[in-house]
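Structure at a glance
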Amino acid sequence: MKQLPFTRQQLEEITKQFPTPFHIYDEAGIIKCVRDLYDAFSWNRGFKEYFAVKALPNPYILSVLKSLGCGADCASAPELTLARASGITGDGIMFSSNDTPADEYKYAAELGAIINLDDISHISLLEQLDVMPERVCCRYNPGNAFSMTNDIMGHLADSKFGMTKPQLFDAMAILKSRGVKHFGIHAMLVSSAMETEYYPRLARSLFELAVEVKNKTGVEVDFLNLSGGLGIPYYPDQEPINISLIGRLVREEYDRIIAPTGMEVAIFTELGRYITGPYGYLVSRVLHKKQIYKNYIGLDASAANLMRPAMYGSYHHITIMGKEEAPCDHLYDVTGSLCENNDKFAVDRLLPEVQVGDLAVIHDTGAHGHSMGYNYNGKLRSAELLLKTDGTVQMIRRAERDADYFATLDFSSYFKDLCD
Ligand SMILES: *Cc1c(COP(=O)(O)O)cnc(C)c1O
């Protein structure tokens, strides 16, 4: 059974102040997750999680994460600004971008961020811009030499990210000759991994690579960035991954491969989904029931609030509040209101009998949820709320208004008046 941090009654109270739909995040759940992660890697001096900002780009969340020792993994200028607004600067920022515009490198360098180069050709761009930092990370793509692929990334030789191994060696040597003092290697090879072996296997290949880099180029890397990609149990019968076991298995590889060389290497992660995914909920009200060839439940939320089911066919569990114990004996498609037939949160889902006015809670929306929202059909993005550890609820992003939607038309007098 999927747990919820609130009852139907509590949620009804919240909706009196904040109308549906909204995403609500459970601060206590996020805090526990981060603490467990740091415990699992406490054997590694210098371990740090750089939260992947794109998963939940909200400065209130980033501030909570910062207070727990996390940094921020950014890939655009606005994400850098969010990190900065949350008090995260300098080497608290990992700039893991790709296809990067010059301006964004400049901004990242200004903030003192660690720059994670996606390609060897970007070295000359940093030189042209005169922003070569002292600390640089290189992103590695092992191609089909590493296989633990799942559907989302596909075969690594088809992945646009990172450098080949020969390029990585060259890049390290060039960077060294350009005065770079501190080096790291980054790799993100899968997404949503539920396999315990993913991090240990990735760690092993990065540890071996670090030793090879040392032997070939004389460069001793300071840190290895295992990046993100750990999965969460979207289905109610799935078990969460065992992070403390994963930490122990990574340690075994470290002790075997790195320790004998005398190198000291910090391990970094850039988790997004794993940190906030399970602790977010999209709360929505049932607007309509419709019976044609199938039975439909129409919500006041749509794919504009949560794109994953429409985009990836992802499973998101749904709880009808107050009916947690009722038998799931009615078959429904649960839809939003977009003029797109893929705007369905669930297809052929067994639920208790649903009534108009029920509160439907969609689980696991804390990462890549609100942030993937969009405005198709003139639908507006919802508010984001934080359920704090003391039980109070704070609005951490207001819902969009019509004027936000029209704001980019404010050069026209009609819309300018509407927006003022
Ligand atoms: C998306 C992304 C992450 C986070 O991925 P999750 O699947 O949310 O853990 C980390 N690093 C980089 C470079 C990414 O693009």
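Residues numbered from 1 in each chain as written. Predicted model: local features only at pLDDT ≥ 70, side-chain atom pairs only at ≥ 80, totals over all residues. Heavy atoms only, no water.

Surrounding the ligand, one finds 16 residues, the nearest of these being K54, G229, E270, R273 and H368. The separation between an oxygen atom of the ligand and a polar main-chain atom of R273 is 2.8 Å. Summarising the interface, the protein chains cover 91% of the accessible area of the ligand, which totals 390 Å² for the free molecule. When each cavity is represented as a set of grid points, the ligand is found to reside in the largest pocket. Residues that form the shell around the ligand fall into these classes: three nonpolar, eight polar and five charged. (Near = heavy atom within 4 Å. Polar contact = N/O pair within 3.5 Å; in protein donor to acceptor, adjacent residues only side chain to side chain. Areas by Shrake-Rupley, 256 points an atom, 1.4 Å probe, with all protein chains shown as cover. 1 Å grid on protein atoms, 1.4 Å probe; cavity = no way out; pocket = protein on both sides within 12 Å on 5 of 7 lines; lining within 4 Å. Sits in = over half its atoms within 2 Å of the grid points. Nonpolar A, V, L, I, M, F, W, Y, C, P; charged D, E, K, R; others polar.)

Along its sequence, the protein is carved into domain 1 (26-277) and domain 2 (279-406). With centres defined by C-alpha atoms, the gap from domain 1 to domain 2 works out at 32 Å. The interface is formed by 25 residues belonging to domain 1 together with 22 residues belonging to domain 2. Here domain 1 packs against domain 2, burying approximately 2100 Å² in sum over the two surfaces, 58% of which is carbon and sulfur. Contact with domain 2 buries surface across domain 1, with D26, E27 and Y234 losing the most and accounting together for 28% of the total. Summed over the shared surface of domain 1 and domain 2, the result is zero salt bridges. (Domains from an automatic or database assignment. Contact = heavy atoms within 4.5 Å. Buried area = accessible area lost by both parts, 1.4 Å probe. Salt bridge = Lys/Arg side-chain N within 4 Å of Asp/Glu carboxyl O.)

A separate point is empty space enclosed by the protein. Tallied over the full model, the rule gives one cavity of 30 Å³ or more. In this model, the largest cavity occupies a volume close to 30 Å³. In this structure, the largest cavity is lined by R139, Y140, N141, L156, S159, F161, M188 and L189. Looking at the lining of the largest cavity residue by residue, the classes come out as five nonpolar, two polar and one charged. (Points joined across faces, edges and corners; volume = space filled by probe spheres on them.)

Here the structure, examined in full by the defined rule, presents 21 salt bridges. E264 is the salt-bridge partner of R45, the closest N and O atoms lying 3.0 Å from each other. Taken as a pair, R45 in the loop between helix 2 (27-40) and strand 2 (48-52) and E264 in the loop between helix 9 (243-257) and strand 9 (266-269) lie far apart in primary sequence, 219 residues in all. The same class applies to R45 and to E264, which are both exposed. The residue E212 makes a salt bridge to K216 at a minimum N-O spacing of 3.1 Å. Separated by four residues within a single helix, E212 and K216 lie in helix 8 (residues 198-217), roughly one turn from each other. Looking at E212, the relative accessible area reads 26%, which means it is partly exposed. Given the relative accessible area of 56%, K216 is considered exposed. (Helix = DSSP H or I, 4+ residues; strand = E, 2+ residues; numbered from the N terminus. Buried < 20%, exposed > 50% of the residue type's maximum accessible area, 1.4 Å probe, protein only.)

A separate point is the packing of helix 7 (residues 165-177) against helix 8. Viewed as axis vectors pointing N to C, helix 7 and helix 8 meet at an angle of 55°, and their least axial separation amounts to 11 Å. What the angle tells us is that helix 7 and helix 8 run oblique. With respect to the hand of their crossing, helix 7 and helix 8 are arranged in right-handed fashion. Together, K165, L168, F169, M172 and K176 of helix 7 and L209, E212, V213, K216 and T217 of helix 8 make up the contact between the two elements. When the residues that make up the contact of helix 7 with helix 8 are grouped by side-chain class, the tally is five nonpolar, one polar and four charged. (Axes fitted to C-alpha atoms, helices over the stretch in contact; angles between N-to-C directions. Parallel < 35°, antiparallel > 145°, perpendicular 65-115°, else oblique. Left-handed = near helix turned anticlockwise from the far one by under 90°.)

Let's shift gears to the nonpolar core. The biggest cluster of nonpolar side chains holds 90 residues, and the ones touching the most others in it are I185, Y199 and I275. At nine residues, the largest contribution of residues to this core is made by helix 8. Here this core spans two domains, and each of domain 1 (26-277) and domain 2 (279-406) adds at least three residues to it. The residues contacting I185, other than those within four sequence positions of it, are C137, C138, Y140, L168, M172, L206, L209, V213, V221, F223, L224 and N225. If you look at the next biggest cluster of nonpolar residues, it comprises 16 residues, including L282, L306, I318 and L351. (Core = buried A, V, L, I, M, F, W, Y, C linked by side-chain atoms within 4.5 Å.)

Before going further, it helps to spend a moment on helix 5 (residues 102-110). Every buried residue of helix 5 is listed here: E104, Y105, Y107 and A108. One face of helix 5 carries all of its buried residues, which in axial projection span an arc of 165°. Along helix 5, the residues that are exposed and aim more than 90 degrees away from the buried face are D103 and E110. On its buried face, helix 5 sits against helix 4 (77-85), strand 4 (93-95), strand 5 (114-117) and helix 6 (122-129). One or two residues past the end of helix 5 sits G112, with phi positive at roughly 75°. (Arc of directions from axis to C-beta.)

Next up on the list: the pairing of strand 2. Counting buried positions along strand 2 yields four of five residues, so the element is predominantly enclosed. In this structure, strand 2 lies alongside strand 9, joined through two bridges in parallel fashion. Opposite E49, over in strand 9, you have T269 as the bridge partner. As judged from the three bridges shared by strand 2 and strand 3 (residues 71-74), these two strands associate in the parallel manner. For Y50, the partnering residue across the bridge sits in strand 3 and is G71. Handedness of the crossover is the feature at issue here: the chain leaves strand 2, passes through helix 3 (residues 59-67), returns alongside strand 3, and the resulting connection is right-handed. (Pairing = 2+ DSSP bridges. Right-handed = clockwise from strand over helix to strand, strands pointing away.)

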